[in-house]
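Results of the structural survey
One-letter residues, chain by chain:
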Amino acid sequence: MATISTTSGYATDDTVAINRYLESIEVFFSNWPIPAAMEASKLRKTPSLDELEKKNLLEGFEEIFLRLQKEMGMKSRDLIVLHPGTPGLSEMLDRFSPCHTHDDEEVRYIIDGEGEFGFVLPTGEQALLKIGPGDFIRIPKNTEHWFVLTEKRCIKAIRYFSDTAGWVPKYTSTKVKIS
Ligand SMILES: CSCCC(=O)/C(O)=C/O
Ligand SMILES: [Fe+2]
Ligand code: NI
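Residues numbered from 1 in each chain as written. Chains lettered and ligands numbered in written order. Predicted model: local features only at pLDDT ≥ 70, side-chain atom pairs only at ≥ 80, totals over all residues. Heavy atoms only, no water.

1. Some words on the UniProt feature "site: Important to generate the dianion" (unreviewed entry) in the protein chain
Cut-off, in case you're wondering: UniProt positions are given in the numbering used here, feature names are shortened, and annotations may be inferred rather than shown by experiment. Helical segments are the DSSP runs of H or I of at least four residues, strand segments are the runs of E of at least two, and each set is numbered from the N terminus. Summary of the burial criterion: residues with accessible area below 20% of their type's maximum are buried, those above 50% are exposed, and those between are partly exposed, where the area comes from a 1.4 Å probe applied to protein chains only. Contacts between residues were defined by any pair of non-hydrogen atoms, one from each residue, lying within 4.5 Å.
When the UniProt feature table is mapped onto this chain, "site: Important to generate the dianion" (unreviewed entry) is found at Arg 108. Along the chain, the position of Arg 108 falls in strand β6 (residues 106–113). By relative accessible area, Arg 108 is classed as buried at 5%. Contacts of Arg 108, omitting those with residues within four sequence positions, involve Phe 117, Asp 135, Phe 136, Ile 137, Ile 158, Arg 159 and Trp 167.

2. What about the coordination of the nickel ion (ligand 3)?
We count it as follows: Metal-coordinating donors are taken as N, O and S atoms lying within 2.8 Å of the metal, or within 3.2 Å when the metal is Na, K or Ca; because water is left out, some sites can appear incomplete. Here a site with four donors is tetrahedral if all angles are between 85 and 135 degrees, and a site with four or six donors is square planar or octahedral if opposite donors are over 155 degrees apart and the other angles are between 65 and 115; anything else gets the irregular label.
Every protein donor of the nickel ion (ligand 3) is listed here as His 100 (NE2) and His 102 (NE2), and their distances to the metal cover 1.9 to 2.0 Å. Considering all four donor atoms around the nickel ion (ligand 3), the spread of angles at the metal, 62 to 135°, places the coordination shape in the irregular class. For His 102, a relative accessible area of 2% gives the class buried.

3. Section: the sheet that holds strand β4 (residues 76–82)
Stated precisely, the cut-off is as follows: By definition, two strands form a pair when at least two bridges between them are found by DSSP. Here the axes come from fitting lines to C-alpha atoms, over the contacting stretch only for helices, and the angles between their N-to-C directions go from 0 to 180 degrees.
With antiparallel pairing, the five strands of this open sheet are ordered in space as β3-β9-β6-β11-β4. Looking at the sheet topology across the chains shown, the edges are occupied by β3 (28–31) and β4. Each adjacent strand pair in this sheet contributes to an overall mean axis angle of 20°, direction not counted. Those strands touched by helix α4 (residues 51–59) are β4, β6 and β11 (155–161), and its axis lies near 120° from that of β4.

4. Things to note about helix α6 (residues 89–96)
Filter applied, for reference: Directions pointing from the helix axis toward each C-beta atom define the arc.
Turning to α6, its buried residues are Leu 89, Leu 93 and Phe 96. Angularly, the buried residues of α6 cover 55° about the axis, an arc narrow enough to put them on a single face. In this structure, the buried residues of α6 make contact with β4, β5 (100–101) and β10 (145–149).

5. Here's the deal with the coordination of the iron ion (ligand 2)
Coordination sphere of the iron ion (ligand 2), protein contribution only: His 102 (NE2), Glu 106 (OE), Glu 106 (OE) and His 145 (NE2), at 1.9 to 2.6 Å. One can describe the site at the iron ion (ligand 2) as irregular: its six donor atoms subtend angles covering 54 to 170° at the metal. Between the iron ion (ligand 2) and the nickel ion (ligand 3) the interatomic distance comes to 1.9 Å, and His 102 is a ligand of both metals. Placement of His 102 in the loop between β5 and β6 and of His 145 in strand β10 is noted, with a sequence separation of 43 residues between them. Of the residues examined, His 145 reaches a relative accessible area of 1% and is grouped as buried.

6. Considering the pattern of salt bridges
How we decide: Any Lys or Arg side-chain nitrogen located within 4 Å of an Asp or Glu carboxyl oxygen qualifies as a salt bridge.
Under the definition given, this model contains 13 salt bridges. A salt bridge links Arg 44 to Glu 39; the shortest N-O distance between them is 3.4 Å. Classification of Arg 44 by relative accessible area gives buried; the value is 3%. Taking the shortest distance from any N to any O, the salt bridge between Arg 77 and Glu 62 comes out at 3.0 Å. Of this pair, Arg 77 sits in strand β4 while Glu 62 sits in helix α5 (residues 62–72), and the two are 15 residues apart along the sequence. Judged by relative accessible area, which is 23%, Arg 77 ranks as partly exposed. Exposure remark for Glu 62: the relative accessible area of 27% places this residue in the partly exposed category. Linked through salt bridges whose partners overlap, the residues forming this network are Lys 45, Asp 112 and Lys 156.

Below, the structure written as structure tokens:
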């Protein structure tokens, strides 16, 4: 169940209220339940996966990829698997936790674990969106955001790309004030 909290002390798990905040920065958020066939998948719940296991797990979500190819022009996807034993985890998270933008949109579908995306709202408030399995998010290009793991320190997210070139983080001067 996704939740949003803001620096003004507001917090909710109501999807309509969450979307009201996110629409103000044109971030698209929805929950597409994990396909029934993948709900009980052992691979989906296994912390660390090798390349073949990642490929097999991705294939279980092909329906969603086909939908995104049609509706959003996505051309490729990969699976990011982060867990406490991930080599270089802290360095990797250090890349995502400062406020940054991308020259391309950021499209993620969470299939296991959880994480938090941070945003700067037009009011100047900051918002933290906590997402988990089945949550889908599309952050438009050039939108300030950041990402942190929760105390569980694990997530599996399918990353969809329409153009991989534009995905390098471009850091901004915005100081993150919410955690
Ligand atoms: C949940 S995917 C890892 C985070 C990421 O890709 C990113 O760009 C965060 O801003
Ligand atoms: Fe990002
Ligand atoms: Ni990023």
